[in-house]
Structures are given as C-alpha cells and as structure tokens.
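# Observations on the model geometry
What follows is each chain in one-letter form.
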Amino acid sequence: MKKIKSLLISSLMTLIIIGMLSSCSSEKENYLSSLPGESSLVFKFNTAQLVTKSNILDNPMVSGMLMQADQHVPDALKDKFNEIKNDPSAAGIDLKKPLAIAVNLENLSATPKPSVVGVMAISDVKKFDELMKGVVESEPSITLSETNGIREVHIPEDEINVAYNDSRIVLAFGENASTLVSQKAEESILANENFAEFATSDKDFSMFMDYEWIMNATLEAQKSMNTPASISPQLMEYMKDMCVYGSLNFETGKVVGDMKVYPSEEAKKYIDEFYVKPTDKLIGLLPENSYLGLNFAIKNYSECLKYLGENERQQIEQILQEYGISTELIDNVHGDILMGVYEDPNNAMIPGIVAAVECKDRTLFNKVKEMMQISEEGDMFVIPNMGYCVSYVDDVVVVSTQALYDQCLASGSIRAWDKNWKGTAMGKALAKGGVGIDFQAISKNQLLAQFSGNREAAMALSILKQLETFTMQMENKLETSSELTLVNKSKNSLEQLIAIGIGAAMAQ
C-alpha cells in the first residue's frame, strides 16, 4: 500500500511539474480565501516563473528524474500522463497562479504539530477531475466523493486531507480541507488589512509573518523553563501586533529582495524613539577595497534599557555603574555609526577595521581616555600593543588603524580616501542605513589564497568569485530593500544559484 501511494505521489508530482507552464485562466474568486485567518506564516511560490527562470526542466538531473517517474506511472494514468506531456493545460492545474502555503504555529505546547495548509488554483476542474479519477482507478483504497460542489479525496491512514472545487485545491494537515475550500474571505487571512500587499504580489517568492505567535511561543518557553523575560512586557505587546511582508525576485544577474514591517500605532511610537535617518558623513572612511561596511544611526540610546527584561536591565545598569558610565554618557552617542572591514595597505594579509560613532560632544572620547588611563593631551591616542588608535574628529569618535588616521583624520577633519565607497552601490545603500559586502574584494584577499589547496576553502573561494556584491538598505524606518548581484550578467540569478549549489554539493 505504502509503495503504491509513493508511486502515485511521484506520478502526481511529475504531472504537476509538466503542468507548470499551462495557460492562465480567470478565477471566480480569490483562491487565497482558503487560507486560515489565524495563520502565523504564509508563503507564496510563483512556480511558473521559478521554473522558467531556473531553466530547471533542461537540467539533466531533473530530466532523469522525470524519465524515471515516467516508468512508474500506473497504467490508469498513462494516457493522462501522455496527454499532459503533449498539452500541459490538460492537468487542469493553474500554476501560473502562485502556490500558497500557510502554517499555524500558535499553541505549539498544546498541539505538538503545527497545522499546514496548501492552496493551488484550478484552471479547468473537469480536467482535474479526470486526473483524480485516474488516481482512484489506480488505487481503489483512495476514494473520491462530492458534496455541494466540493470534492473530497479520501486517503486512508493519511493525516493529509484533500478537497477541491472549481477554483482551487486545498491540501491540509491538522485542518479540515473541505471547510477551507468554501471559507469566506472575511473568515480568512485576507481579512487582515496588512495582508493585501502579500496577496497581490507577483514576485517569485513572498512571505507574510504575524509576530504574535513568536511572542506567545517566547512566553510559553519562559514559563516552562521558569526563566524571566528578556524583554519588557510593554515591548512584547508592541511586537504582538506587528506583521512583516517580504519578497524575493530572481532577475538577470541579480536577486532583489524587499521587506516591510506593519507595526501598531504604539509600536510606531517606539520606533520613533530611536530612529534617526543616517547620512553619508562617514562612508568615505571605507576605501574602495573594503570587504564589508555597516552604517546606521540611533538616538536616545539609553532608552533601550527600559525595554529590556528586568534582570537584563539590572545587570547592564550594574556593569555601567562599575565602569562609571552614566545614561547621559550613553546618550552622547547620537547619529551615524559606521563599522567596516577593508584591505589594509600596510598589511594585505590581515584586514583593517574601522569603527566610528557620531557624538554630541567630546564627552565619550574623554571617558574612553580615562578608562584606558591615557594621560597625554590631544584628540588622538594610540592603543598600546595593538597598532590601532582612537581619535576625536568632527564630533566623531573613530577607532582605526594608524594608516587610516594618517590618511583621513590627521588634518583635524574627516577626509575620504582618494578612492572609497562613496557613490558606489554599497555606499549609496549605507547612506540610507544598511550593509554592503563586496565578494570580489574578499575573494582577492591574500590570506584566502593561502588556503586554496584545501578542498573546502577552494570551493568557498570559487563561490565567492561568482558573486559580486550584496547590499541591504533602509528605504525608510519601516521598509528595507536588498540586492545580491552576480558576476555573470547574462543569465538569470536563480539558474546561476542552482548551478552554484549543485557544484558545491558534487564537490563534497
């Protein structure tokens, strides 16, 4: 029985893959109304686009799998199988509309397994009926019934239940598929106003997450382990009301991602307490051969403490008190914060590091000198035995190599390297607040070249050489965008990433 079921599933998957390029049809209603309203996570896969962009059907490994599946197709499905191969629309599945999967992770302590619901659109229910009848004929233990226009597929001893009507197929684990098929939109997650952008997204991959289940799971874990909360109850309430939407799109030579947070009004006020729009004031401190850069801004730093759990807050306050650091001193940090790793011109083997913090005045710099027992006057001192120095220039405290200080700071004002990240894709991302990584610069590091004889290191180096840059930037305080670019600009990024992954797997 299990072997027959396995063969049937394999056959159905083959039919679905072939049917991915079937023509799109109009639908009577939004098939996403079958997604449960209490869903914690929802994913959408634009399968037709993914198949086309990945060129996966031309992959020899996939072709071999399809040929092998062809040999195991039951006799009752052979004719249908051949029909779908010649005309993909014969499957009746409309996979030009995304496959959606919803997961409910609430009350995991009471329900050991999460409930999972998958929804696909149907383009022609008569053709899909023919497919299901072939399945039933191939395995008599699987039956098909119909009530009020809803067909139910009964699979004995299987926790997954399947139902469909003339517009969608629902596969459910831990939920009733028949009930979800006829569920009204106002009872589904479509009723969540924050879900609208996800529902209409045509990106290759989309994700929607409700933070409430994370907060509830955190509280349950703390109760079961009898541990105090690491964040304040007030912040947990803020986060309970938050949702997040994210997407990925695979384009020629690059992968583009977006993320958007939907906070409550109270959470917006919380974000406003700390958010400051960063600038490009410090980005010139990153030379053109930098490996990594991070730039963001913050205000009211000490206010973060009140959103920690009581134990964590008391511990941090005690440490600050031991070092003589007051909340006023913490709030001296106000504005841009930059961190970077770059190729040090004086030591190509070991990367240089720079960290810069914008301050209201020199109070923080003076405190650092006091803590390190530096007695000499001036706006710069050398950290003993480290080859690094600390300086105060243009209301910015900078920790850097001596070479960076001499080039960019010794004049008494911040100067950029002759060639730096300003104006580059990475620099523009950092100016909005974000991170930039230059994989090509990393791949040229002489220290990595020393390990090229090692198999794993050689594979890592090979992957780095195929990637170009990664940037993530804040478009505003609620939205971020990201981009991964590849060296090859002529092929779709998904096809390239699959090839990179297969190459890495075969090298193991």
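Conventions adopted
- Residues numbered from 1 in each chain as written.
- Predicted model: local features only at pLDDT ≥ 70, side-chain atom pairs only at ≥ 80, totals over all residues.
- Heavy atoms only, no water.
- Helix = DSSP H or I, 4+ residues; strand = E, 2+ residues; numbered from the N terminus.
- Buried < 20%, exposed > 50% of the residue type's maximum accessible area, 1.4 Å probe, protein only.
- Contact = heavy atoms within 4.5 Å.
- Phe/Tyr/Trp six-rings, centres within 6.5 Å; stacked < 30°, edge-to-face > 60°.
- Lys NZ or Arg CZ within 6 Å of the ring centre and 35° of its normal.
- Axes fitted to C-alpha atoms, helices over the stretch in contact; angles between N-to-C directions.
- Left-handed = near helix turned anticlockwise from the far one by under 90°.
- Nonpolar A, V, L, I, M, F, W, Y, C, P; charged D, E, K, R; others polar.
- Pairing = 2+ DSSP bridges.
- 1 Å grid on protein atoms, 1.4 Å probe; cavity = no way out; pocket = protein on both sides within 12 Å on 5 of 7 lines; lining within 4 Å.
- Points joined across faces, edges and corners; volume = space filled by probe spheres on them.
- Salt bridge = Lys/Arg side-chain N within 4 Å of Asp/Glu carboxyl O.
- Arc of directions from axis to C-beta.
- Patch = residues over 30% accessible without salt bridge, like charges linked within 9 Å, V, L, I, M, F, W, Y side chains within 5 Å.
- Areas by Shrake-Rupley, 256 points an atom, 1.4 Å probe, with all protein chains shown as cover.
- Expected span 1.5 Å × (residues − 1).
- pLDDT = per-residue confidence, 0-100.

Now for the overall build of the protein. Scanning the protein from N- to C-terminus turns up 19 helices and 20 strands. Considering the protein as a whole, with its 508 residues, one finds that 44% of them fall into the buried category. Partitioning the contacts of the protein with sequence separation of at least 6, the portion at a separation of at least 24 is 68%.

A word on the packing of aromatic side chains. Applying the stated criterion across every chain yields a total of 15 aromatic pairs. Centroid distance Tyr270 to Tyr307: 4.7 Å. Interplanar angle 75 degrees. Geometry classified as edge-to-face. With a gap of 37 residues between them, Tyr270 in helix H10 (residues 265–274) and Tyr307 in the loop between strand S12 (290–298) and helix H11 (310–322) connect regions that are remote in the sequence. Looking at Lys44, its charged tip hangs above the ring of Phe198, at a distance of 5.2 Å from the centre.

Attention now goes to the packing of helix H8 (residues 212–225) against helix H9 (residues 233–240). Between H8 and H9, whose axes approach to 7 Å, the crossing angle comes to 145 degrees. Crossing handedness for the pair H8 and H9: left-handed. Listed contacts from H9 to Glu212, Met215, Asn216, Thr218 and Leu219 of H8 are Met236, Met239 and Lys240. Partitioned by chemical class, the residues of the contact of H8 with H9 number 4 nonpolar, 2 polar and 2 charged.

Once that is clear, we can look at the pairing of strand S20 (residues 479–486). Pairing of strand S11 (residues 254–262) with S20 involves 7 bridges; the strand directions are antiparallel. When the sheet's bridge partners are listed, Val256 is paired in S20 with Glu483. Of the pairings in the sheet, the one linking strand S19 (residues 467–476) to S20 comprises 8 bridges and is antiparallel in character. Note on S20: the bridge partner recorded for Asn476 is Glu479. The antiparallel hairpin formed by S19 and S20 contains 2 residues in its connecting segment.

Our next topic: the layout of surface pockets. If you add up the space inside the second largest pocket, you get close to 500 Å³. Forming the walls of the second largest pocket are 21 residues, and the residues nearest its centre are Ile271, Tyr275, Met474, Lys477 and Thr480. Mapped by element, the contributors of at least two residues to the lining of the second largest pocket are S11, H10, S12, S19 and S20. Taken together, the residues of the lining of the second largest pocket sort by class into 15 nonpolar, 3 polar and 3 charged.

Across all of its chains, the model carries 18 salt bridges by this definition. Of the charged contacts in the structure, one is a salt bridge between Lys260 and Glu197, with a shortest N-O distance of 3.5 Å. Within this pair, whereas Lys260 is found in strand S11, its partner Glu197 is found in helix H7 (residues 196–200), the two being separated by 63 residues in sequence. Taking relative accessible area as the criterion, Glu197 reaches 34% and is therefore assigned partly exposed. Across the pair Glu303 and Lys306 runs a salt bridge whose closest N-O atoms are separated by 3.0 Å.

Right, let's get into helix H2 (residues 47–54). Residues of H2 that are buried include every one of Thr47, Ala48, Leu50, Val51 and Ser54, and no others. Looking straight down H2, one finds its buried side chains confined to an arc of 165 degrees; they lie on one side. Once H2 ends, the next one or two residues include Asn55, with phi positive near 55 degrees.

Here we come to the pairing of strand S18 (residues 434–438). When you tally the buried positions in S18, you get 4 out of 5 residues, the bulk of the element. Sheet analysis places S18 next to S19, joined by 5 bridges and oriented antiparallel. Across the sheet, Ile437 pairs through a bridge with Phe470, a residue of S19.

To continue, consider unusual backbone geometry. With a phi angle near 50 degrees, Asn300 is a residue other than glycine that sits in the positive phi range. Inspection of the secondary structure puts Asn300 in the loop between S12 and H11. The class of Asn300 is partly exposed, set by a relative accessible area of 34%. Unlike most non-glycine residues, Asp395 shows phi in positive territory, near 60 degrees. Secondary-structure assignment places Asp395 in the loop between strand S16 (388–393) and strand S17 (396–401).

Together, Ile319, Tyr323, Met371 and Met372 make up an exposed nonpolar region whose accessible area comes to about 390 Å². Inspection of the secondary structure assignment puts Ile319 in helix H11.

Taking 1.5 Å as the rise per residue, helix H18 (residues 455–466) with 12 residues should run 16 Å; its terminal C-alpha atoms sit 17 Å apart, in good agreement. Restricting attention to buried positions, one finds in H18 the residues Met459, Leu461 and Leu464.

Residues of the protein with pLDDT of at least 70 account for 88%, and the chain-wide mean is 86. Below a pLDDT of 50 lies the segment residues 1–5, which in the model reaches 7 contacts outside its immediate sequence neighbourhood of four places, other chains included. Here residues 19–28 is modelled with pLDDT under 50, and outside its nearest four sequence neighbours on either side it reaches 31 contacts, counting other chains as well.

Glancing now at the environment of Lys127. Within the secondary structure, Lys127 is located in helix H5 (residues 125–138). The partly exposed category is assigned to Lys127, whose relative accessible area is 26%. Excluding anything up to four places from it in sequence, Lys127 contacts Lys80, Ser89, Ala90, Ala91 and Gly92.

Mapped onto the fold, Glu212 is located in helix H8. Between the C-alpha atom of Glu212 and that of Leu105, which follows or precedes it by 107 residues, the distance is 9.8 Å. In this structure Glu212 touches Glu106 and Lys240, once residues within four positions along its chain are discounted.

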